[in-house]
Structure formats: structure tokens, C-alpha cells
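Descriptive structure summary
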Amino acid sequence: MKYLHDLVKKQPFTSCLIVIIWILCLMPIPEQVPLKDVPMMDKWTHFVMYGTLCLTIWIEYLKRHKKTNKKRIFLFAIIAPILMSGIIELAQAYCTGGRRSGELLDFAANSIGVGLGNAIGILLGWFRAKV
């Protein structure tokens, strides 16, 4: 429990985003969805959610650390979000009573978002090291 408290204290925006993502991904989809006519809107949403999450992880990490621990950032900015994404997709498929469905394409969109968020985060870390 102390580890969770420390994580929330050190990474408050990341923690909030994780909770928001879980809530959004497990709540029932409303009947009237704005922008439902936009092709692949659901996939774009997943892409943006996970890209924003990973970028937030990087920003909060870079604010608190002078030097980047490559193993730690790899674990928390790449592995953990992809793992969370897979768990959410499984929870959607098996724990929502048919109100949501887990999709492989959602997982792929999440993973692409993780990749882009990390690419931007790596660039931020690189620019900070140069300054």
C-alpha cells in the first residue's frame, strides 16, 4: 500500500490518467456518441489516451529525475501501459456482461499510442540532456 501511495505522490497526473482510462474503458458506451460518424474514432481515442499516458509518465519522470534510469522508464513507460491495455481489453471481453468488447485492434491502437508517446518522451529526455 505504501508503494501505491508513493507512486500517486510522485506521479499524480499519471495516476489520475490511469484511473480515468480504467473508468472510460469499463463504463457502458452511451447510445448517442458524438463523432460516431468519424471513421475509426474508437481507435483514435485509444491511440490518444495511451499516447497521452506515456507522455505524461515521461514528463513527470523527467521532472523528478536528473538522470534517466533506462530499465525503470522502459518498465513503467512501455511495458506497464501495454500490459494494462491488454488487461483492460480482457476485462472488457469477459467482465462487462457484453456491454463492452475486447478488441485486438484496440490493443494495437493502444500499443501504437504507447510507441508515439514514448518517442516524444525520449526526444524530451534527449533535448533536456543536451541543454
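In this report, we go over the structure that sits alongside the text. Since the model is a prediction, treat every value here as computed from it, not as a measurement.

Here we look at the overall build of the protein chain
Counting its secondary structure elements, the protein chain contains 5 helices and 0 strands. Secondary structure elements in the protein chain, listed N-terminal to C-terminal, are α-α-α-α-α. When the backbone C-alpha atoms are referred to their principal axes, the protein chain occupies close to 50 × 35 × 20 Å. Residue pairs in contact within the protein chain that sit at least 24 positions apart in sequence constitute 76% of those at least 6 positions apart. About 9,100 Å² of surface is accessible on the protein chain, with carbon and sulfur atoms providing 74% of the total. Counting 16 positive and 8 negative side-chain charges, the protein chain places the averaged centre of each group 20 Å from the other.

A short note on a nonpolar patch on the surface
Judged by side-chain polarity, Met1, Tyr3, Leu4, Leu7, Val8, Phe74, Leu75, Phe76 and Ile79 come together as a nonpolar surface patch covering roughly 900 Å² of accessible area. When residues of the nonpolar patch are traced back to their parent elements, those giving at least two are helix H1 (2-10) and helix H4 (70-95). Summarising the element assignment, Met1 is placed in the segment before H1.

Some points on the pattern of salt bridges
The tally for this structure, following the rule as stated, stands at 4 salt bridges. Between Lys43 and Asp42 there is a salt bridge, and its shortest N-O distance comes to 3.0 Å. A salt bridge links Glu103 to Lys43; the nearest nitrogen and oxygen atoms lie 2.8 Å apart. In this pair, Glu103 sits in the loop between H4 and helix H5 (104-130) while Lys43 sits in helix H3 (residues 41-64), placing the two residues 60 residues apart along the sequence. The exposure class assigned to Glu103 is partly exposed, which follows from its relative accessible area of 31%. Residue classification places Lys43 among the buried positions, given a relative accessible area of 15%. Each member of the salt-bridge network shares a partner with another, and the members are Asp42, Lys43, Glu103 and Asp106.

How each quantity is defined
- Residues numbered from 1 in each chain as written.
- Predicted model: local features only at pLDDT ≥ 70, side-chain atom pairs only at ≥ 80, totals over all residues.
- Heavy atoms only, no water.
- Helix = DSSP H or I, 4+ residues; strand = E, 2+ residues; numbered from the N terminus.
- Contact = heavy atoms within 4.5 Å.
- Areas by Shrake-Rupley, 256 points an atom, 1.4 Å probe, with all protein chains shown as cover.
- Lys, Arg positive; Asp, Glu negative; His and termini not counted.
- Charge placed at Lys NZ, Arg CZ, Asp CG, Glu CD.
- Patch = residues over 30% accessible without salt bridge, like charges linked within 9 Å, V, L, I, M, F, W, Y side chains within 5 Å.
- Salt bridge = Lys/Arg side-chain N within 4 Å of Asp/Glu carboxyl O.
- Buried < 20%, exposed > 50% of the residue type's maximum accessible area, 1.4 Å probe, protein only.

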